[in-house]
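Okay, here's what each chain looks like letter by letter:
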Amino acid sequence: MPSPRRIAVALLAALLLTACADADGSLSTTVERDAMAAQALWTRQRPAHYRYESTVICFCPAEYTQPIVAEVRNGAVVDARYPDGRVYPFSTPPRLPIDSLFVQILQPGGWVARVEATFDARYGYPKQFSVTSRPNLADGGYSVTITRFEPLP
């Protein structure tokens, strides 16, 4: 039987791999496997109350692409602010509980040509993911980076 350390090292290696979708937009086996393993880890490790900072890169208004600090309690965003303390004025994505980010990775939609993602080794949340649109769709892709994740009491 493998030691707990070997299992942890194998899981860490799997989670840190970059994942991507196939050219037809469907998830590759590697993407699906890595994202599902990370999601399972997140489900086991997920704190009921946490905060994280997210940055979105897209062809969007500046209000959407500035970093946002989101606080999540029991699966719902309870506060979202710019780092300077101003309240984030939008109630729509891209600021979501981390559980919802897995949907964007695992169910990207027919307009997507490629998905790439990396995951946190301890908690399993997506540290960074990029969604690239098909060539005939302008301005459809985006990238999300999660930083400053912290469990809260």
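Before reading on, note that the structure itself is shown above.
Summarised in this report is the structure supplied together with it.

Scoring rules and cut-offs
Residues numbered from 1 in each chain as written. Predicted model: local features only at pLDDT ≥ 70, side-chain atom pairs only at ≥ 80, totals over all residues. Heavy atoms only, no water. Helix = DSSP H or I, 4+ residues; strand = E, 2+ residues; numbered from the N terminus. Contact = heavy atoms within 4.5 Å. Disulfide = S-S within 2.5 Å. Buried < 20%, exposed > 50% of the residue type's maximum accessible area, 1.4 Å probe, protein only. Salt bridge = Lys/Arg side-chain N within 4 Å of Asp/Glu carboxyl O. Phe/Tyr/Trp six-rings, centres within 6.5 Å; stacked < 30°, edge-to-face > 60°. Lys, Arg positive; Asp, Glu negative; His and termini not counted. Polar contact = N/O pair within 3.5 Å; in protein donor to acceptor, adjacent residues only side chain to side chain. Core = buried A, V, L, I, M, F, W, Y, C linked by side-chain atoms within 4.5 Å.

Of the regular secondary structure elements, the chain holds four helices and six strands. The order of helices and strands in the chain, counted from the N terminus, is α-α-β-α-β-β-α-β-β-β. Sequence-distant contacts in the chain: of pairs separated by 6 or more residues, those separated by 24 or more amount to 54%.

As a further point, take unusual backbone geometry. A positive phi angle, close to 50 degrees, is found at Asn 74, a residue other than glycine. For Asn 74, the location among the structural elements is in the loop between β2 (68-73) and β3 (76-81). A positive phi angle is found at Arg 148, which is not glycine, with a value near 50 degrees. By secondary structure assignment, the location of Arg 148 is in strand β6 (residues 142-151).

Further remarks concern the state of the cysteines. Across all of its chains, the model carries one disulfide by this definition. Disulfide pairing is shown between Cys 58 and Cys 60; the S-S distance is 1.8 Å. Of note, the bridge from Cys 58 to Cys 60 carries an S-S torsion of about -135 degrees and is left-handed in sense. When its relative accessible area of 16% is taken as the criterion, Cys 58 is described as buried.

In this structure the tally under the stated criterion is seven salt bridges. Among the salt bridges present, the one from Asp 84 reaches Arg 86, with a minimum N-O distance of 2.9 Å.

Turning our attention to the environment of Tyr 52. Positionally, Tyr 52 belongs in strand β1 (residues 49-58). Of the residues examined, Tyr 52 reaches a relative accessible area of 1% and is grouped as buried. Note: C-alpha distance between Tyr 52 and Glu 150 (98 residues apart in sequence) is 6.3 Å. If we ignore the near neighbours within four places in the chain, the residues touching Tyr 52 are Ile 68, Val 69, Ala 70, Val 72, Leu 96, Pro 97, Ile 98, Leu 101, Ile 146, Thr 147, Arg 148 and Phe 149.

What follows concerns the packing of aromatic side chains. Under the criterion given, the structure shown has 10 aromatic pairs. Taken together, the ring pairs connect Trp 42, Tyr 50, Tyr 52, Tyr 123, Tyr 125 and Phe 149 into an aromatic cluster.

Here we come to the side chain of Glu 71. Here Glu 71 is to be found in strand β2. Buried and unpaired, Glu 71 has no salt bridge, with Arg 51 as the nearest side chain of opposite charge at 4.0 Å. At a separation of 2.6 Å, a polar atom in the side chain of Glu 71 contacts the side chain of His 49. The residues touching Glu 71, leaving out its near neighbours within four places in the chain, are His 49, Tyr 50, Arg 51, Ala 76, Val 77, Val 78, Asp 79 and Leu 152.

What follows concerns helix α4 (residues 98-106). Along α4, the residues that are buried comprise Ile 98, Leu 101, Phe 102, Gln 104, Ile 105 and Leu 106. Along its buried surface, α4 packs onto α2 (29-45), β1, β4 (112-119), β5 (126-133) and β6.

A few words on the nonpolar core. Among the nonpolar cores identified, the biggest contains 27 residues, and Trp 42, Tyr 52, Ile 98, Phe 129 and Phe 149 are the most heavily contacted of them. At the level of elements, α2, β1, β2, α4, β4, β5 and β6 are the ones that each hand at least two residues to this core. Per element, the largest residue contribution to this core is five residues, and it comes from α4. Other than its neighbours up to four places away in sequence, Phe 129 contacts Leu 101, Gln 104, Ile 105, Glu 116, Ala 117, Tyr 142, Ser 143 and Val 144.

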